[in-house]
Amino acid sequence: MRIQAVAKLGFAWALLALTPSAEGQTLVHLWAFDQPFGLTQTFPDSSGNGHTGVGAGEIVPGRFGNAVMLLPGSNPLTGGIGDGVDWVDPTPENTALPVGRTDSWTINVWTSFVSPPGSLEYIAGFGIDDQETSGNSFKARSIMAFPNFHFWGATVDLDAGFPYPSDGSWHMSTATYNGATTELTMYYDGIRVASRVFGGTGPFLDAPAEVHAGNPSNWNEEFDGTIDEFGIWNGALSPAQIGGLFLHNNIAQPQNLQPTAAVNRATGHITLSNLTLASINDFVGYQITSAAGALDAGPWVKITGNLDQGMGATPIDSGPWSVTSSTDFQLSEGDQGAPAGTFHLGQTIDFGAIWKKSSIEDVVVKLFTNDGVTAKTLDVLVTYTGTPYSRSDLDTNGVLDLNDWQIFSANGFTSLTGLSRVNAALRGDLDGDGDNDRLDFRQFRADYIAAHGEAAFAALLAAVPEPSTAVGMAILGVVALGFCRKR
């Protein structure tokens, strides 16, 4: 069965296929803190852009090379300039920093705390002055302790939901922003832990050309921690590139550190792959969700009865699994008891054509592990392969044509409440407000004209058998209104 396919051959090829090109993702700032041991007040920029920081700290052994132990401002050894490292671009009009409101960027920094960082301690970032005036709202791009691992954008916030550990070990914090998709994402030790899509043009404003490590904050002036490899890129790094930073301090050595799921737009198949560094042990369940109702349990190929109880070429579990949810909004399975299962390194599971093809892409996948002491949730990276569907491609055959118009007009000017968002969209609810009305007609018309031209749309209207009187009059009214406005 397809569910028991194991992708061991071609492992390296699959890894590279999941890694976007690094083109346009240039390192524009790097405080590596690799100067000689001892107290220092200057910190050179290893990116070549001359961002020499000023502050006070002690150079100590780091995660990669050396690091800086930032000294609080109250420490007499700092001469009163401690608590952080700062740099301000003297020519902000020519800055290399990605400070534009729609720019894409990545912030990455390593930290080690022996005692927990205080709440509101600023760790590293750019785009805010050291006075933190109210005019900075929506400008900052920064990582801080809240005391949780937290992204703070001066009115833009995203929280990872867990505090920074005070274990004396090195941990990597990363934040990326994609200016095209408006997605803000946080990673901890190379694993995605939080994300948010804002929509529109995104939440940020143009920012000051400034970089800071430690506190430029008026809230907490007693930063006391160790920092290494604080870098900024002018693009959003991929998960595999961030994995390369975690393992090798190099985005050119990519490595996926968490499982991935691929949604095949052409077939609707969803496949789950473990192309990480090791098998995922204590595997006790998974959950696939779609808030839009884009799932179909009919073709679902389950672990239950296929890869549990020792079945299949590479079984997940020696014990039984069972279905825990089977709806358009959620498909899930779970282990019925000890021993827990194993999602093997290199293994790929094809769950079948369970995605309903449409322009709506909101699938979320999570895996669950439990070692008998701690239950964990693993966030799975979901990607879509193939060509996206137009919102007006209602029969999802990849072409906007007469069949789509017939579906749209058959459901014209009707309420679609009670249907899932996907099912409503496939009946012509193009704006997602629960009906098929003149606003949806305008969107369909715009899509068709964009694809084929105005003359083709006029021919389309003439070719369709006359719809019901009410629908036909309404459509003709909208068309006539459009022509009148043009005149």
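Because the structure is predicted, anything quoted here is derived from the model rather than measured. (Residues numbered from 1 in each chain as written. Predicted model: local features only at pLDDT ≥ 70, side-chain atom pairs only at ≥ 80, totals over all residues. Heavy atoms only, no water.)

Draft legend 1. Just the sheet that holds strand β25 (residues 381-385), in detail. Strand order in the open sheet made by the four strands is β22-β17-β16-β25, with mixed pairing throughout. In this open sheet, the two edge strands, each paired with only one partner strand, are β22 (348-350) and β25. When the angles between neighbouring strand axes are averaged without regard to direction, this sheet yields 20 degrees. As paired strands, strand β17 (residues 270-273) and β22 are joined by three bridges and run antiparallel to one another. Across the sheet, the residue bridging to Thr271 is Asp350, located in β22. (Pairing = 2+ DSSP bridges. Helix = DSSP H or I, 4+ residues; strand = E, 2+ residues; numbered from the N terminus. Axes fitted to C-alpha atoms, helices over the stretch in contact; angles between N-to-C directions.)

Draft legend 2. The arrangement of the packing of aromatic side chains in detail. Following the criterion strictly, the structure yields 31 aromatic pairs and no others. Between the aromatic rings of Trp31 and Phe230, the centroid separation amounts to 5.8 Å while the plane-to-plane angle is 70 degrees, which identifies the pairing as edge-to-face. Of this pair, Trp31 sits in strand β1 (residues 27-31) while Phe230 sits in strand β15 (residues 226-233), and the two are 199 residues apart along the sequence. On the basis of relative accessibility, which here comes to 0%, the residue Trp31 falls in the buried class. Pairing Trp405 with Phe408 gives two aromatic rings, centres 5.8 Å apart and planes at 15 degrees, and the pair type is stacked. Of this pair, Trp405 and Phe408 are both found in helix α3 (residues 402-410), three residues apart, which corresponds to roughly one turn of the helix. (Phe/Tyr/Trp six-rings, centres within 6.5 Å; stacked < 30°, edge-to-face > 60°. Buried < 20%, exposed > 50% of the residue type's maximum accessible area, 1.4 Å probe, protein only.)

Draft legend 3. Quick peek at the packing of helix α5 (residues 438-452) against helix α6 (residues 454-463). The geometry of α5 relative to α6 is characterised by a closest axis approach of 7 Å and an angle of 125 degrees between their N-to-C directions. Compared by their axis directions, α5 and α6 come out oblique. Classified by chirality, the crossing of α6 by α5 is right-handed. For the pair formed by α5 and α6, the contact residues are Phe441, Phe444, Arg445, Tyr448, Ile449 and His452 on the first element and Glu454, Ala456, Phe457 and Leu460 on the second. Considered class by class, the residues forming the contact of α5 with α6 number seven nonpolar, one polar and two charged. (Parallel < 35°, antiparallel > 145°, perpendicular 65-115°, else oblique. Left-handed = near helix turned anticlockwise from the far one by under 90°. Contact = heavy atoms within 4.5 Å. Nonpolar A, V, L, I, M, F, W, Y, C, P; charged D, E, K, R; others polar.)

Draft legend 4. Spotlight on the pattern of salt bridges. If you walk through the whole model with that rule in mind, you get five salt bridges. Notably, a salt bridge pairs Asp328 with Lys356, separated by 3.1 Å at the nearest N-O pair. Of the two residues, Asp328 sits in the loop between β19 (321-326) and β20 (330-335) while Lys356 sits in the loop between β22 and β23 (364-370), which places them 28 residues apart along the sequence. Judged by its relative accessible area of 29%, Asp328 falls in the partly exposed class. (Salt bridge = Lys/Arg side-chain N within 4 Å of Asp/Glu carboxyl O.)

Draft legend 5. The side chain of Asp228, seen in detail. You can see Asp228 is positioned in strand β15. Buried and without a salt bridge, Asp228 has Arg63 as its closest oppositely charged side chain, separated by 7.4 Å. At 3.0 Å, the side chain of Asp228 forms a polar contact with the backbone nitrogen of Phe64. Not counting chain neighbours up to four residues away, the residues in contact with Asp228 comprise Ala32, Phe33, Gly62, Arg63, Phe64, Asn66, Ala67, Val109, Trp110 and Trp170. (Lys, Arg positive; Asp, Glu negative; His and termini not counted. Polar contact = N/O pair within 3.5 Å; in protein donor to acceptor, adjacent residues only side chain to side chain.)

Draft legend 6. Quick peek at the confidence of the model for the chain. Averaged over every residue, the pLDDT of the chain is 87; residues scoring 70 or more account for 85%. Note on residues 1-23: pLDDT is under 50 here. Beyond four places in sequence and across chains, it has 47 contacts. Low confidence marks residues 466-470, where pLDDT is under 50. Its contacts with residues over four positions away, or in another chain, come to one contact. (pLDDT = per-residue confidence, 0-100.)

Draft legend 7. How the structure looks around the environment of Arg63. Within the secondary structure layout, Arg63 lies in the loop between β3 (53-61) and β4 (66-70). In the structure, Arg63 is positioned 186 residues away from Asn249 in sequence and 9.4 Å away in space, judged by C-alpha atoms. With near-sequence residues (within four places) excluded, Arg63 lies in contact with Trp110, Trp170, Asp228 and Phe246.

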